[in-house]
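Understanding the architecture of this molecule
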Amino acid sequence: MDFKRLNHILIPATKDQRDRVRKTRIGRALSPLMTLYLGLTAEGRFLSVFWLLTGALALEVGVTQIYLLFSLLTGLLAASWFARRFYPVGSLVVSIDAPAAVTVGEALPITLGLSHAGKDPQAALRVMLPLLPWDGRFLTPDPHLASLESGQPGRIRVLAAFSERGDHHIDPFHVGRSVPLGIAIGPAL
């Protein structure tokens, strides 16, 4: 049994099918939730799952004081989410370079070229990796760039690998500035 394939059973296989689902009534209804989810970093997503767990445990306020932890996590997530608007990427330009084909199992190098024409340096740039098809996986854990000075090029290299042959479509990468504490990223390109 192919458990990798079962892991993606609810995700449409092709780009056209995914776009069709996004245009349905359910897809449009889930769009705000996906915006909230995609605005969080990996740490923020972990914290949001912990927030849901503490929220369920905090329902019985007479027996436990875990509702205080739930309130603290709610404030932390909300502050990080609302601080996003103050961390735009400004005049950042992103280009992507990748080979047209690789052999099965071989690392696919994807290079994100960054350039910045603004006067202030861009600090704490993070790349939010897209969801890969069922047979793909990223080999690069947390791609980021500490700082990008004005007029200087920056490069971020991401490695991916696929275990099956065929055409693969990769959804867009998102590059944004990390909000303090690293829970969320600002509006991304």
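Please refer to the structure higher up on the page.
The present account deals with the structure reproduced in this document.

Cut-offs applied
The residue count restarts for each chain, going from 1 along the sequence in the order it is written. Thresholds applied to this predicted model are a pLDDT of at least 70 for local features of residues and 80 or more for the giving and counting of side-chain atom pairs; totals over whole chains, interfaces and linings are not thresholded and use all residues. Side-chain measures here rest on the full set of heavy atoms in the structure, leaving out hydrogens and waters. Helix numbers and strand numbers start at the N terminus; a helix is a DSSP run of H or I with at least 4 residues, a strand a run of E with at least 2. Each residue gets one of three labels from its accessible area relative to the maximum for its type: buried under 20%, exposed over 50%, partly exposed in between, using a 1.4 Å probe on protein chains only. Residues count as neighbours in contact if any of their non-hydrogen atoms are within 4.5 Å of one another. Only the protein chains shown count as cover for residues, with accessible areas throughout obtained via the Shrake-Rupley method and a probe of 1.4 Å. By definition, two strands form a pair when at least two bridges between them are found by DSSP. Axis lines are fitted to C-alpha atoms, over the contacting stretch for helices. Their N-to-C directions set the angle, which ranges from 0 to 180 degrees. For patches, a residue must show more than 30% relative accessible area and have no salt bridge; joins then use 9 Å for like charges and 5 Å for nonpolar side chains, namely Val, Leu, Ile, Met, Phe, Trp and Tyr. One speaks of a salt bridge when a side-chain nitrogen belonging to Lys or Arg is within 4 Å of a carboxyl oxygen belonging to Asp or Glu. Handedness of a crossing is defined here by the sense of rotation of the near helix relative to the far one, left-handed for an anticlockwise turn of less than a right angle and right-handed for a clockwise turn. Under the grouping applied here, Gly and all other residues not named as nonpolar or charged are polar, the nonpolar ones being Ala, Val, Leu, Ile, Met, Phe, Trp, Tyr, Cys and Pro and the charged ones Asp, Glu, Lys and Arg. Note on terminology: a nonpolar core comprises buried Ala, Val, Leu, Ile, Met, Phe, Trp, Tyr and Cys residues joined through side-chain atoms within 4.5 Å. Each residue after the first adds 1.5 Å to the expected span of a helix. What the bend at a residue measures is the angle between two axes, fitted to the seven residues ending there and to the seven starting there.

Turning our eyes to something else, we now look at the overall build of the protein chain. Counting its regular elements, the protein chain contains five helices and seven strands. In sequence order, the protein chain lays out its α and β elements as α-α-α-α-α-β-β-β-β-β-β-β. In terms of overall dimensions, the protein chain has a C-alpha envelope of 60 × 55 × 30 Å along the principal axes. A burial count over the protein chain gives 32% of its 189 residues as buried. For the protein chain, the share of sequence-separated contacts (at least 6 apart) that also reach a separation of at least 24 residues comes to 65%. Here the protein chain has roughly 12,300 Å² of accessible surface; of this, 63% comes from carbon and sulfur atoms.

Spatially, four strands are ordered β1-β2-β6-β4 in an open sheet, and the strand pairing comes out antiparallel. Only two strands of the sheet have a single partner each, and these edge strands are β1 (92–97) and β4 (136–138). Taking each pair of neighbouring strands and ignoring which way they run, the sheet shows an average axis angle of 25 degrees. Here β1 runs beside strand β2 (residues 108–116); their pairing, made up of six bridges, is antiparallel. Along β2, the bridge assignment pairs Val93 with Ser115.

Reading across from one edge, β5-β3-β7 is the order of the three strands in this open sheet, with antiparallel pairing throughout. Edge positions in the sheet fall to β5 (144–148) and β7 (174–177), since each of these pairs with one other strand and no more. Shown here is a sheet whose adjacent strand axes are inclined to one another by a mean of 25 degrees, direction ignored.

Quick look at a nonpolar patch on the surface now. Together, Ile26, Leu30, Leu33, Met34, Leu36, Tyr37 and Leu38 make up an exposed nonpolar region whose accessible area comes to about 680 Å². With respect to the helices and strands, Leu36 occurs in helix α3 (residues 25–38).

Helix α5 (residues 66–83) packs onto helix α4 (residues 42–57) with a crossing angle of 145 degrees between their chain directions and a minimal axis gap of 9 Å. Like other packed secondary-structure pairs, α4 and α5 cross with a definite hand, here left-handed. Contacts from Gly44, Leu47, Ser48, Phe50, Trp51, Thr54, Gly55 and Leu57 in α4 reach Ile66, Leu69, Phe70, Leu73, Thr74, Leu76 and Leu77 in α5. Its residues assigned to classes, the contact of α4 with α5 shows ten nonpolar, five polar and no charged.

On to the nonpolar core, then. Within soluble globular proteins, side chains that are nonpolar generally end up buried alongside one another. By size, the foremost hydrophobic cluster in this structure holds 17 residues, and its most contacted members are Leu92, Leu112, Leu114, Leu125 and Ile156. Looking at this core, the elements with two or more residues in it are β2, β3 (122–128), β5 and β6 (154–162). Those residues in contact with Ile156 that lie beyond four places of it in its chain are Ile110, Thr111, Leu112, Leu114, Val127, Pro143, His144 and Leu145. Leu47, Leu73, Leu77 and Ala184 belong to the second largest nonpolar core, which has eight residues in total.

A separate point is α3. At 3.6 residues per turn, the α-helix brings residues three or four places apart onto the same side. The end-to-end C-alpha distance of α3, which contains 14 residues, comes to 20 Å, matching closely the 20 Å that a straight helix rising 1.5 Å per residue would cover. Ser31 marks the point of greatest bend in α3, at about 40 degrees, and the proline Pro32 comes within the next four residues.

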